Amino acid sequence: MKAIKNNVSLKPYNTFGIDVAAQLFVEVNSIEELIEALRNIDFKNELLILGGGSNILFTKDYNGLVIKNNLKGIKLIKETESEVWIQAASGEIWHDLVLYCVSKNYGGIENLSLIPGTVGAAPIQNIGAYGAELKDVFDSLEALNLNDLKVRDFNADQCRFGYRDSVFKQGAKGQYFISNVTIRLQKFPIINTSYGAIHTVLNQRGIIHPTIADVSAAVCEIRNSKLPNPVVIGNAGSFFKNPEITQNQYLELKRTYHDMPGYTTEHGVKVPAGWLIESCGWKGKRIGETGSHKDQALVLVNYGHATGEEIKNLSIEIQKSVKDKFGISIQTEVNII
Ligand code: FAD
Ligand code: EPU
């Protein structure tokens, strides 16, 4: 029987470094251990699955059971002449999976290098960066239903992936423990340098015919130069999602704000939230122990002793000022608990 501990500090388990306590806490290495832990506690309502804690803001002590996911293992489950299907247990570190695939020259997730967190959390918000998203390579996942303790499969359609979104953030929120994820990769990789900065770094390095290892290294360089390292300064990456507005709204705003960037999408125009927040004067601004980062306005930080409540309050102030100035609502990406 896996030991369920009482009153455990979650500070080491979230990248914001917020010091709250979990009433109950258990680390699980297998689905069997998880089922055993769930059968041995009285209440199942207050459950939180924790991966790397890199997309969570704790605002108070957690009055329930926190399940820290340590399921490990990466295996090739199927291959053809041109493709491989790799299944990874959900507690694997996402970037370790990327490095494994790059080392085998299996192409498809190199643009997603260095995203913090675990494999199991990757489908939750359909992680994305530098011109790629998990959904581009996603095959299927297995998940344990936390109510009836039965395992079921989800294919890509059933996951209903969107921009930083999936069924696990909507109708199925909090109902499943994702135990493994299968991705479909290319043995003859198609290099994706559509994101301008990757092209620039490869050029600087004099690389004309990049391999996926080159792309991965370029992405790591860009990320290290742009995003604060949570080990040095607490953060959870982009705090908000980039909002999508209509073409008409964008053109109207452009009349006043000539330099407002925007990227045309299927549904309208995506405006960088970082630009909106910077334009409201928040970039680099410090309020007590929290603030908006000096190099990336979209990243809210903990200078050391911030409470989750302080960071949440700052995020509300930022949302208000963006709404007042531009009439645009920006939604949080980070899961606020
Ligand atoms: P956690 O924070 O532990 O959990 C996130 C949510 O998923 C919670 O609701 C949790 O309950 C749930 N969850 C976790 N594991 C499971 C599971 N096995 N089953 C069911 N539910 C589960 N994200 C991007 O998309 N692109 C980026 O470029 C990016 N850059 C980042 C940069 C930095 C510096 C940081 C700190 C974060 C960044 N993020 C980015 C956000 C974060 O890395 C991702 O959201 C990541 O997938 C979170 O993984 P995690 O294991 O830490 O999840
Ligand atoms: N910008 C500003 N000021 C800022 C920051 C950004 O004006 O302080 C503007 C610039 O115009 C810049 C544009 O925003 O060109 C885009 O900035 P960046 O390339 O840094 O990307 P982002 O839109 O801020 C998104 C993701 C990141 C992902 C990068 C790279 C979201 C919410 N964020 O950031 O994901 O790594 O693109 O693809 O979509 C995360 O989700 O946690 C995350 C870090």
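Residues numbered from 1 in each chain as written. Chains lettered and ligands numbered in written order. Predicted model: local features only at pLDDT ≥ 70, side-chain atom pairs only at ≥ 80, totals over all residues. Heavy atoms only, no water.

1. Observations regarding the overall build of the chain
Short version of the rule: Numbering of helices and strands starts at the N terminus; helices are DSSP runs of H or I of at least 4 residues and strands are runs of E of at least 2. Radius of gyration here uses only the C-alpha atoms, and the compact-globule reference equals 2.2 Å multiplied by the residue count raised to the power 0.38. Throughout, a contact is declared for two residues whenever any of their heavy atoms are within 4.5 Å. Note on areas: Shrake-Rupley with a 1.4 Å probe; residue coverage comes only from the protein chains shown.
A tally of regular secondary structure across the chain gives 8 helices and 20 strands. Relative to its length of 337 residues, the chain is compact, with a C-alpha radius of gyration of 21 Å against a globular reference of 20 Å. Its C-alpha atoms give the chain principal-axis dimensions of roughly 65 × 55 × 35 Å. Sequence-distant contacts, at least 24 apart, represent 59% of the contacts inside the chain between residues at least 6 apart. For the chain, the exposed surface amounts to about 16,000 Å²; the carbon and sulfur share of it is 48%.

2. With respect to the site of ligand 2
This is how it is decided: The cutoff for a nearby residue is simple: one of its non-hydrogen atoms must lie within 4 Å of the molecule or strand. Identification of polar contacts relies on pairs of N or O atoms within 3.5 Å, with a donor-acceptor requirement for protein atoms, meaning one able to donate a hydrogen and the other able to accept it, and with residues adjacent in sequence counted only if both atoms are side-chain atoms. Three classes are used, and their members are as follows: Ala, Val, Leu, Ile, Met, Phe, Trp, Tyr, Cys and Pro are nonpolar, Asp, Glu, Lys and Arg are charged, and the others, Gly among them, are polar.
Neighbouring ligand 2 are 23 residues, the closest being Y130, Y163, Y195, E278 and E333. Between an oxygen atom of ligand 2 and a side-chain N or O atom of Q296, the distance comes to 2.8 Å. A total of 820 Å² of accessible area belongs to ligand 2 in isolation, and the protein chains cover 81% of it. Within the residue set of the shell around ligand 2, elements represented by two or more residues are α5 (212-226), β13 (234-238) and α7 (273-279). Among the elements that line the shell around ligand 2, the one with the most residues is α7, at 3 residues. Looking at side-chain class alone, the shell around ligand 2 contains 11 nonpolar, 5 polar and 7 charged residues.

3. Focus: the domain arrangement of the chain
Cut-off, in case you're wondering: Each domain span listed reflects an automatic or database assignment of domains. Accessible area, probed at 1.4 Å, shrinks when two parts are joined; the buried area is that loss added up over both. We define a salt bridge as a contact between a side-chain nitrogen of Lys or Arg and a carboxyl oxygen of Asp or Glu at a distance within 4 Å.
The domain boundaries assigned to the chain delineate domain 1 (5-69), domain 2 (74-186) and domain 3 (234-336). Computed from C-alpha coordinates alone, the two centres of domain 2 and domain 3 are separated by 28 Å. Summed over both sides, the interface of domain 2 with domain 3 buries roughly 510 Å², with 36% coming from carbon and sulfur. Linking domain 2 with domain 3 are 1 salt bridge, by the criterion used here. One salt bridge connects R164 with E333, and the closest N-O pair in it is separated by 3.2 Å.

4. Observations concerning the packing of aromatic side chains
For clarity, the cut-off: Two rings from Phe, Tyr or Trp (for Trp, the six-membered ring) form a pair when their centres are within 6.5 Å of each other. A pair whose planes differ by under 30 degrees is stacked, one over 60 is edge-to-face, and the rest are tilted. Relative accessibility thresholds used throughout: buried, under 20% of the residue-type maximum; exposed, over 50%; partly exposed, between the two (1.4 Å probe, protein chains only). Two conditions define a charge sitting above a ring: the NZ of Lys or the CZ of Arg must be within 6 Å of the ring centre, and it must be within 35 degrees of the ring normal.
Under the definition given, this model contains 10 aromatic pairs. For the ring pair Y13 and F25, a centre distance of 4.8 Å and an interplane angle of 40 degrees mean the geometry is tilted. You can see Y13 sitting in the loop between β1 (5-9) and β2 (21-28) and its partner F25 sitting in strand β2, a full 12 residues away along the chain. With centroids separated by 5.0 Å and ring planes inclined at 90 degrees, the aromatic side chains of F154 and Y176 adopt a geometry described as edge-to-face. Placement of F154 in strand β11 (residues 151-155) and of Y176 in strand β12 (residues 176-186) is noted, with a sequence separation of 22 residues between them. Of the two residues, F154 and Y176, both sit in the buried class. An aromatic cluster of at least three residues, connected via ring pairs, comprises F16, F239 and F240. When the ring centre of Y163 is taken as origin, the NZ or CZ atom of K270, which lies over that ring, is 3.3 Å away.

5. Some words on the sheet that holds strand β18 (residues 290-292)
Convention followed: Strand pairing is assigned whenever DSSP detects at least two bridges linking the two strands.
Overall, antiparallel pairing links the 4 strands, which are arranged β13-β19-β18-β17 in an open sheet. In this open sheet, the two strands that pair with only one neighbour each are β13 and β17 (286-287). Here β17 pairs with β18 via 2 bridges, running antiparallel. For I287, the partnering residue across the bridge sits in β18 and is T290.

6. A closer look at the site of ligand 1
Neighbouring ligand 1 are 33 residues; I49, S54, T118, G128 and R223 lie closest to it. Between ligand 1 and S54, the relevant distance is 2.6 Å, taken from an oxygen atom to a side-chain nitrogen or oxygen of the residue. Contact between ligand 1 and I178: a nitrogen atom at 2.8 Å from a main-chain N or O atom of the residue. Only β3 (47-50), β8 (128-129), β12 and β13 provide two or more residues apiece to the shell around ligand 1. Considered class by class, the residues forming the shell around ligand 1 number 16 nonpolar, 15 polar and 2 charged.

7. A short note on the sheet that holds strand β5 (residues 62-69)
Just so we agree on the cut-off: Axes here refer to lines fitted to C-alpha atoms; in helices the fit is confined to the stretch in contact. Angles between the N-to-C directions go from 0 to 180 degrees.
Read across the open sheet, the 4 strands follow the order β1-β2-β5-β3; overall the sheet is mixed. The open sheet has two edge strands, β1 and β3, and neither has a second partner. When strand polarity is set aside, the average angle formed by the axes of neighbouring strands in this sheet is 45 degrees. As paired strands, β1 and β2 are joined by 4 bridges and run antiparallel to one another. Residue pairing in the sheet places S9 in a bridge with A21 of β2. Each of β2, β3 and β5 touches helix α1 (residues 31-39); the most contacted strand, β2, lies at about 145 degrees to it.

8. Concerning the layout of surface pockets
Rule in force here: Note on definitions: the grid is 1 Å and covers protein atoms alone; a cavity is a set of points where a 1.4 Å probe fits but cannot get out; a pocket is an open set with protein on both sides within 12 Å along at least five of seven lines; lining residues have an atom within 4 Å of a point. Grid points are joined across faces, edges and corners, and a volume is the space filled by probe spheres set on the points.
When its volume is computed, the second largest pocket comes out at roughly 290 Å³. Lining the second largest pocket are 16 residues; nearest its centre among them are G107, G108, D136, V137 and Q186. Elements that contribute at least two residues to the lining of the second largest pocket include exactly β10 (138-145) and β12. Considering every element that reaches the lining of the second largest pocket, the biggest residue donor is β12, with 3 residues. Classifying every residue of the lining of the second largest pocket by side-chain character gives 7 nonpolar, 5 polar and 4 charged.

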